[in-house]
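# Structural features, examined
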Amino acid sequence: AAAPILALCDGTRDADEMRTALLAHFGVRVAPEGLAGLLAALDQTYLLENERTADARARVLSAFRAAPFRVPVLAGGAYPAEPVALAAQLDAYIDEAQTRYPLEHAPSAASVRGLVSPHIDYERGGAVYGAVWAPAKSAALAADLAIIFGTDHSGGHGKLTLTRQHYATPYGVLPTATAIVEACAAAVSAPFEEELHHRNEHSIELAAVWLHHMREGRPCEVVPVLCGSFSHFVAGQADPAADPDIAGLVAALAAASAGRRFLVIAAAD
């Protein structure tokens, strides 16, 4: 019933004008106090684009950036927060994968430059995670840099979102390569506009945990990049091969990773 009211919350009308438009366009009569109550509820829960919401967002983003690292939000829920229990669970997925998806020959570290890792929950995707990561163990151990592209389920069209924040796992902290992040930020438009998405987005976290596990708890530098919606590319409205942000990011990463032993990870089902 509130859908027409939400449609009119576009910043062009005051409350009285909204009531008039509701009656004229939708045949809906709303009492002044009823509309005021709904608008107050939307404001209270930060669902209106106004100064109050902007201030709240700025405070939360500031707190995220000031923290020593990004907290693994799924630890203790989607996977164990205790390292020994986590290692046992992930190793069990690897054992299951070796039974269900046996490999005749494991690739060498030099032959593995990247992998596509799921970002579904471990309980349902565990064996596939194990099948993907076990053959990449030597490459993960050899790497001194991991570039992680994660699906941003809240990301805008074509958005590439960086962060300077480090990513923690139950094994410790994977330090973000801030110099590389700065080089990439210079090549992308508005690279930190949706940075707060890093706080709760699960895709990079689920890949980072596996990376840290395959490295036997030893850290390496990471470059976490959240990738927004590709719907406009899929619909043929734009060409990803011609997108300046994608081209700029790839070029910046290629230059910054030259001479490094790097592993590229796409956290994308």
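Keep in mind that what you see is a predicted model, and the values were worked out from it rather than measured.

### So, the overall build of the protein
In terms of regular secondary structure, the protein is built from twelve helices and seven strands. Taken along its principal axes, the extent of the C-alpha atoms in the protein is 70 × 40 × 40 Å. Per-residue burial for the protein yields a buried fraction of 40% across its 269 residues. A separation threshold of at least 6 residues defines the contact pool for the protein, and within that pool the share at least 24 residues apart is 78%. As displayed, the protein offers around 13,500 Å² of accessible surface, 58% of which is attributable to carbon and sulfur atoms.

### Details of the packing of helix α8 (residues 178–185) against helix α12 (residues 244–256)
Across the interface, α8 lies against α12 with an axial gap of 8 Å and an inter-helix angle of 145°. Here α8 runs over α12; the crossing is right-handed. Residues Ile180, Ala183 and Cys184 of α8 form the contact with α12, whose own contacting residues are Leu249, Ala252, Leu253 and Ala256. The residue inventory of the contact of α8 with α12, partitioned by class, reads seven nonpolar, no polar and no charged.

### Considerations on the sheet that holds strand β6 (residues 221–227)
Taken together, five strands build an open sheet; the order of strands is β1-β7-β2-β6-β3 and the sheet is mixed. Edge positions in the sheet fall to β1 (114–117) and β3 (160–161), since each has one partner strand and no second. Each of β1 and β7 (262–267) is contacted by helix α6 (residues 122–133), which is oriented at about 180° to β1, the strand it contacts most. On top of the sheet, helix α10 (residues 203–214) reaches β1, β2 (145–151), β6 and β7; it is set at about 150° to β2, its chief contact.

### Some remarks on the environment of Asn200
Its place among the elements puts Asn200 in helix α9 (residues 197–200). Judged by its relative accessible area of 48%, Asn200 is partly exposed. Asn200 sits 48 residues away from Asp152 along the chain, and the two C-alpha atoms are 10.0 Å apart. With residues up to four places along the chain from it excluded, the contact list for Asn200 reads Arg70 and Val73.

### Here's the deal with helix α2 (residues 15–26)
The first and last C-alpha atoms of α2 sit 16 Å apart over twelve residues, in line with the 16 Å expected at 1.5 Å per residue. Capping of α2 at its N-terminal end is provided by Asp14; its side-chain oxygen lies 3.2 Å from the backbone amide nitrogen of Asp16. Two residues or fewer past α2, Gly27 is found with a positive phi of approximately 65°.

### Focus: the pattern of salt bridges
Applying the stated criterion to the full structure yields twelve salt bridges. Residue Asp121 is joined to Arg124 by a salt bridge in which the shortest nitrogen-to-oxygen separation is 2.7 Å. Exposure remark for Asp121: the relative accessible area of 23% places this residue in the partly exposed category. With a closest N to O distance of 2.4 Å, Glu182 and Arg164 form a salt bridge. Placement of Glu182 in helix α8 and of Arg164 in the loop between β3 and β4 (167–169) is noted, with a sequence separation of 18 residues between them. Among the residues examined, Arg164 registers a relative accessible area of 37% and is labelled partly exposed.

### Points about a nonpolar patch on the surface
Where nonpolar side chains cluster on the molecular surface, the patch consists of Phe69, Val71 and Val173 and spans about 210 Å² of accessible area. By the secondary structure assignment, Val173 is in strand β5 (residues 172–174).

### Some remarks on the nonpolar core
What tends to happen in soluble globular proteins is that the nonpolar side chains get buried as a cluster. Core analysis: the largest hydrophobic core is formed by 34 residues, its most contacted members being Tyr122, Trp210, Leu211, Leu263 and Ile265. Of all elements in the fold, only α5 (83–100), α6, α7 (137–142), β2, α10, β6 and β7 reach the threshold of two or more residues within this core. Residues Ile147, Cys184, Val225 and Ala252 belong to the second largest nonpolar core, which totals 17 residues.

### Description of the side chain of Ser117
With respect to the element layout, Ser117 can be found in strand β1. There is a polar contact of 3.0 Å between the side chain of Ser117 and the side chain of Trp133. Beyond its immediate sequence surroundings of up to four residues, Ser117 is in contact with Tyr129, Val132, Trp133, Ala207, Ile265, Ala266, Ala267 and Ala268.

Conventions we followed
- Residues numbered from 1 in each chain as written.
- Predicted model: local features only at pLDDT ≥ 70, side-chain atom pairs only at ≥ 80, totals over all residues.
- Heavy atoms only, no water.
- Helix = DSSP H or I, 4+ residues; strand = E, 2+ residues; numbered from the N terminus.
- Buried < 20%, exposed > 50% of the residue type's maximum accessible area, 1.4 Å probe, protein only.
- Contact = heavy atoms within 4.5 Å.
- Areas by Shrake-Rupley, 256 points an atom, 1.4 Å probe, with all protein chains shown as cover.
- Axes fitted to C-alpha atoms, helices over the stretch in contact; angles between N-to-C directions.
- Left-handed = near helix turned anticlockwise from the far one by under 90°.
- Nonpolar A, V, L, I, M, F, W, Y, C, P; charged D, E, K, R; others polar.
- Pairing = 2+ DSSP bridges.
- Expected span 1.5 Å × (residues − 1).
- Polar contact = N/O pair within 3.5 Å; in protein donor to acceptor, adjacent residues only side chain to side chain.
- Salt bridge = Lys/Arg side-chain N within 4 Å of Asp/Glu carboxyl O.
- Patch = residues over 30% accessible without salt bridge, like charges linked within 9 Å, V, L, I, M, F, W, Y side chains within 5 Å.
- Core = buried A, V, L, I, M, F, W, Y, C linked by side-chain atoms within 4.5 Å.

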